[in-house]
Each structure stands twice: as C-alpha cells, then as structure tokens.
Amino acid sequence: MDKFTGLIHNRWTGPVGAEGGAEAVHCPFCRHSDSRVVDSRTADDGAAIRRRRQCPVCNRRFTTVETTSLTVTKRSGASEPFSRAKVVAGVRKACQGRPVTEDQLALLAQTVEESVRASGAAEVDAHEVGVHILIPLRELDEVAYLRFASVYQGFESLQDFEAAISLLRAERDLAEGSLSTPAAQPPSDKATPSPAATRVSTDAGAAPGRSGP
C-alpha cells in the first residue's frame, strides 16, 4: 500500500454526483478526473460525510469531506464559507487571560455553527453570526462576553459597559431568584375549622357545674 495513503484530504462543498461522491474530484497525486469510493462515514455529528476514494490509474487513496454549503456575507459585501476556525480565532482574543480551554472554544464554535444552520438559510450575514456567538459566550465566561460585546456592539463609553454589566446582574439575580423560590405547598387534607365550630367545641369542653351569667 502506498505510504502516502490517508495523508491527503480534500474538502469539498459542491454538488453530489451519481455515485454519491463529488463530481470531478481529481486525484491529488496524478490528477486523474475519476475515482472510486471505497468507504463512507459520517463526521462532525452528522454534519459531514468523510469518503475514502481510490484512483483507478495510480491506485492511491485519498479522502474527501463533503459538507452542506453555508456562506457568510461580510460588511463589504464579499462572501466566504462559514469557518469554525474563524469563530474560534475571534473568541480566543476575548478569552485571553481567562480560564477557557481550547476544547471549550471548539465546542462553542460547533454550537454557533449548529445554531446558524438551524435557521435554514444557506447564506447569513456576518452580524447574525456574531449574535449567535454572544449567547454561548456569555454562558462560558462573562468577562470574555463583555470584551467581545464591546467590539461587536461598538461600545463607545463607560456607560455602555455599565449598562451591559447591569443587564448581566439583573439576569443573574432573576435566575437565582427563580431557583431559590420555594415550591408551593400542596393543600392540607384536613379542613380548617370555622370560627363557629371552634366556639361550639369550646363550649362543649367547658367545666361541668359552671353556671351561666
């Protein structure tokens, strides 16, 4: 078997061909325009399909990763494919000096992509991607959230930071209050005696031989 087998990866986001693979995927070794699928497996929790392919000319194998297309439109009007790496890079700057691991950043980027794809749109605005970043980032680290929000939302003064912090505190107090509120007690099986019944019971229990007024 060729020593380079398994080392070449070709990411593809185009249409699916008749055999279930990409149309006109050239062999990365000899550039032959045809190949045969020898194995297919899902990847990224079902968001992609990883295919092992073999070239019929040089017999070398390579891998293609097929994903659905998701395009991000920048402010300038230019478009580019959605990239988890760019989400991580942007958030990592806000997390400098904070107790946030690379695994947590990778999970956040996955959450953002899943949230964006759930909207059902094949093309989204860069501003919308930022909105999807803010929610999981706030849950991950509030300081990093404030840093990211200050740039993303264009904070211009100390009052902007104070307003954001006040909102965080209010939401935290609301959440803690809902958790600390005691559950309603179920009604008692015993009925509360009426004042008249209490008076009758007292009169019946009065000491014998006592004359009335």
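Here is what the cut-offs are and how they apply
- Residues numbered from 1 in each chain as written.
- Predicted model: local features only at pLDDT ≥ 70, side-chain atom pairs only at ≥ 80, totals over all residues.
- Heavy atoms only, no water.
- Helix = DSSP H or I, 4+ residues; strand = E, 2+ residues; numbered from the N terminus.
- Buried < 20%, exposed > 50% of the residue type's maximum accessible area, 1.4 Å probe, protein only.
- Disulfide = S-S within 2.5 Å.
- Phe/Tyr/Trp six-rings, centres within 6.5 Å; stacked < 30°, edge-to-face > 60°.
- Lys NZ or Arg CZ within 6 Å of the ring centre and 35° of its normal.
- Salt bridge = Lys/Arg side-chain N within 4 Å of Asp/Glu carboxyl O.
- Core = buried A, V, L, I, M, F, W, Y, C linked by side-chain atoms within 4.5 Å.
- Contact = heavy atoms within 4.5 Å.
- Pairing = 2+ DSSP bridges.
- 1 Å grid on protein atoms, 1.4 Å probe; cavity = no way out; pocket = protein on both sides within 12 Å on 5 of 7 lines; lining within 4 Å.
- Points joined across faces, edges and corners; volume = space filled by probe spheres on them.
- Nonpolar A, V, L, I, M, F, W, Y, C, P; charged D, E, K, R; others polar.
- Axes fitted to C-alpha atoms, helices over the stretch in contact; angles between N-to-C directions.
- Parallel < 35°, antiparallel > 145°, perpendicular 65-115°, else oblique.
- Left-handed = near helix turned anticlockwise from the far one by under 90°.

A. Highlighting the overall build of the protein. Within the protein, the secondary structure is distributed over six helices and seven strands. Reading the protein from its N end, one meets helices and strands in the order β-β-β-β-β-β-α-α-β-α-α-α-α. Across the 213 residues of the protein, 28% fall into the buried class.

B. Molecular detail of the state of the cysteines. The final tally for this structure, using the stated rule, is zero disulfides. Counting only cysteine sulfurs, C30 is the nearest neighbor of C55, a cysteine outside any disulfide, at a range of 3.5 Å. Judged by relative accessible area, C55 falls into the buried class, the value being 1%.

C. How the structure looks around the packing of aromatic side chains. Enumeration according to the criterion identifies two aromatic pairs in this entry. On the numbers, 6.0 Å between centres and 20° between planes, the contact of F148 with Y152 is stacked. With F148 and Y152 both in helix 4 (residues 142-152), this residue pair falls four residues apart, about one helical turn. Residue F148 shares its accessibility class with Y152, and that shared class is buried. Between F155 and F161 the ring centres are 5.0 Å apart and the planes differ by 85°, which places this aromatic pair in the edge-to-face class. Residue F155 is classed as buried on the basis of its relative accessible area, which comes to 18%. Given the relative accessible area of 31%, F161 is considered partly exposed. Over the ring of Y145 we find R138, and its NZ or CZ is 5.8 Å from the ring centre.

D. Up close: the pattern of salt bridges. Counted by the stated rule, this structure contains 10 salt bridges. Between E80 and K74 there is a salt bridge whose closest N-O contact spans 3.3 Å. One salt bridge in this structure joins R84 and E113, with 2.3 Å as the shortest N-O distance. Taken together, the residues span a long stretch of sequence, with R84 in helix 1 (residues 84-94) and E113 in helix 2 (residues 102-118) at a distance of 29 residues. Residue class for E113 comes out buried when judged on its relative accessible area of 10%.

E. Local environment of the nonpolar core. Grouped together as the largest cluster of nonpolar side chains are 28 residues, with contacts concentrated most on V87, V91, V112, L137 and F148. Secondary structure elements with two or more residues in this core: helix 1, helix 2, helix 3 (126-140), helix 4 and helix 5 (158-180). Looking at this core element by element, the count peaks at six residues for helix 4. Excluding its chain neighbours within four sequence positions, the residues that come into contact with F148 are G90, V91, A94, G130, I133, L134 and L137.

F. Structural view of the pairing of strand 4 (residues 61-67). Burial analysis of strand 4 places six of its seven residues in the buried class, which makes it a mostly covered element. The pairing of strand 3 (residues 48-54) with strand 4 spans seven bridges and is classified as antiparallel. Within strand 4, the residue paired with A48 across the bridge is T67. Connecting strand 3 to the next strand, strand 4, in antiparallel fashion are six residues, including N59 with a positive phi near 65°.

G. Up close: the layout of surface pockets. Its boundaries defined by the atoms lining it, the largest pocket holds a volume of some 580 Å³. Residue lining of the largest pocket: 20 residues in total, with A126, G130, I133, F148 and Y152 positioned closest to the centre. For the lining of the largest pocket, the elements supplying multiple residues, two or more each, are strand 6 (79-81), helix 1, helix 3 and helix 4. Split by residue class, the lining of the largest pocket holds 10 nonpolar, four polar and six charged.

H. A look at the packing of helix 1 against helix 2. One can describe the packing of helix 1 onto helix 2 by two numbers: an axis separation of 9 Å at closest approach and a directional angle of 125°. Taken together, the axes of helix 1 and helix 2 lie oblique to each other. Between helix 1 and helix 2 the crossing geometry is right-handed. Taken together, the residues of helix 2 that come into contact with helix 1 (itself represented by R84, V87, V88, V91 and R92) are E102, L105, A106, L108, A109, Q110, V112 and E113. Taken together, the residues of the contact of helix 1 with helix 2 break down into eight nonpolar, one polar and four charged.

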